[in-house]
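Geometric and topological summary
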Amino acid sequence: AQSVAQPEDQVNVAEGNPLTVKCTYSVSGNPYLFWYVQYPNRGLQFLLKYITGDNLVKGSYGFEAEFNKSQTSFHLKKPSALVSDSALYFCAVRENTGGFKTIFGAGTRLFVKA
Amino acid sequence: ETGVTQTPRHLVMGMTNKKSLKCEQHLGHNAMYWYKQSAKKPLELMFVYNFKEQTENNSVPSRFSPECPNSSHLFLHLHTLQPEDSALYLCASSQDKGSVYGYTFGSGTRLTVV
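Since we're looking at a predicted model, the values are computed, not measured. (Residues numbered from 1 in each chain as written. Chains lettered and ligands numbered in written order. Predicted model: local features only at pLDDT ≥ 70, side-chain atom pairs only at ≥ 80, totals over all residues. Heavy atoms only, no water.)

Below, the discussion takes up the packing of aromatic side chains. Tallied over the full model, the rule gives 16 aromatic pairs over all chains. Look at F34 of chain A and F46 of chain A: their rings are 6.5 Å apart centre to centre, the planes differ by 65 degrees, and that puts the pair in the edge-to-face class. Taken together, the residues span a long stretch of sequence, with F34 of chain A in strand β5 (residues 32-38) and F46 of chain A in strand β6 (residues 44-50) at a distance of 12 residues. For F34 of chain A, a relative accessible area of 2% puts it in the buried group. By relative accessible area, which is 29% here, F46 of chain A ends up partly exposed. Consider the rings of Y103 of chain B and F105 of chain B, whose centres lie 6.2 Å apart with planes at 50 degrees: the pair is tilted. An aromatic cluster is present here, built from F34, Y36, F46 and F104 of chain A together with Y33, Y35, Y103 and F105 of chain B joined pairwise through their rings. (Phe/Tyr/Trp six-rings, centres within 6.5 Å; stacked < 30°, edge-to-face > 60°. Helix = DSSP H or I, 4+ residues; strand = E, 2+ residues; numbered from the N terminus. Buried < 20%, exposed > 50% of the residue type's maximum accessible area, 1.4 Å probe, protein only.)

Structure representation (structure tokens):
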């Protein structure tokens, strides 16, 4: 069965420092991987996706993510954090056969301190 | 606005009430989803509709009843709910169930069962 793990409930980083939000997954076959962000009182917003090709994927607001097949990871990164990046981040994996179900992680709260 | 509109934004209901949540999208998408978001838990997929046909019922209790009259509208009918059903209910849409382009989410309905 497919699953997604976000091992950190919260990540704290100072403004201007690089940030990493971790995600590992389990899925049969080749995964489709996604990151979403949720600001207070809002729904989830799509940030970026990995389907195939280059392992480093670039997305919105300067975020990028690195797909590592051997470690089954898809960590979200940004070279220089902004206070406005503070939000809840969700990793998701979709099976690409059969039901095409998308499974989300529990979310990681990112807090960027000025 | 994301293009997916959910109403109401907030709902307080008693355990004996009947209410409905509404979701509307005019993005031309053919797949629509209901997710339940509870604090510190992964998003729970509840129902999936693809071209107005229900393709997934993720073992959801019968006190939740979905309805999809057309590809643009999705309802979640609620009756005799329990306090543990209090959560943020998110609607999402995608081009179709197999789309690789990710989901567009609404802002959610915050449901409190008293």
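Additional details are given in the paragraphs that follow.
Let us look at the pattern of salt bridges. Residues and elements named next belong to chain B. Scanning the entire structure with this criterion turns up 6 salt bridges over all chains. A salt bridge links E44 to K41; the nearest nitrogen and oxygen atoms lie 3.5 Å apart. Of the residues examined, K41 reaches a relative accessible area of 42% and is grouped as partly exposed. (Salt bridge = Lys/Arg side-chain N within 4 Å of Asp/Glu carboxyl O.)

In sheet architecture, strand pairing relies on hydrogen bonds along the backbone and comes in two forms, parallel and antiparallel. All names here are of chain B. In space, the 4 strands of this open sheet follow the order β1-β3-β8-β7, with antiparallel pairing throughout. At either end of the open sheet lies a strand with only one pairing partner, and these are β1 (4-7) and β7 (64-70). For this sheet, the mean inter-axis angle between neighbouring strands, taken without regard to orientation, is 15 degrees. Of the pairings in the sheet, the one linking strand β3 (residues 18-25) to strand β8 (residues 73-79) comprises 7 bridges and is antiparallel in character. Across the sheet, the residue bridging to S20 is H77, located in β8. (Pairing = 2+ DSSP bridges. Axes fitted to C-alpha atoms, helices over the stretch in contact; angles between N-to-C directions.)

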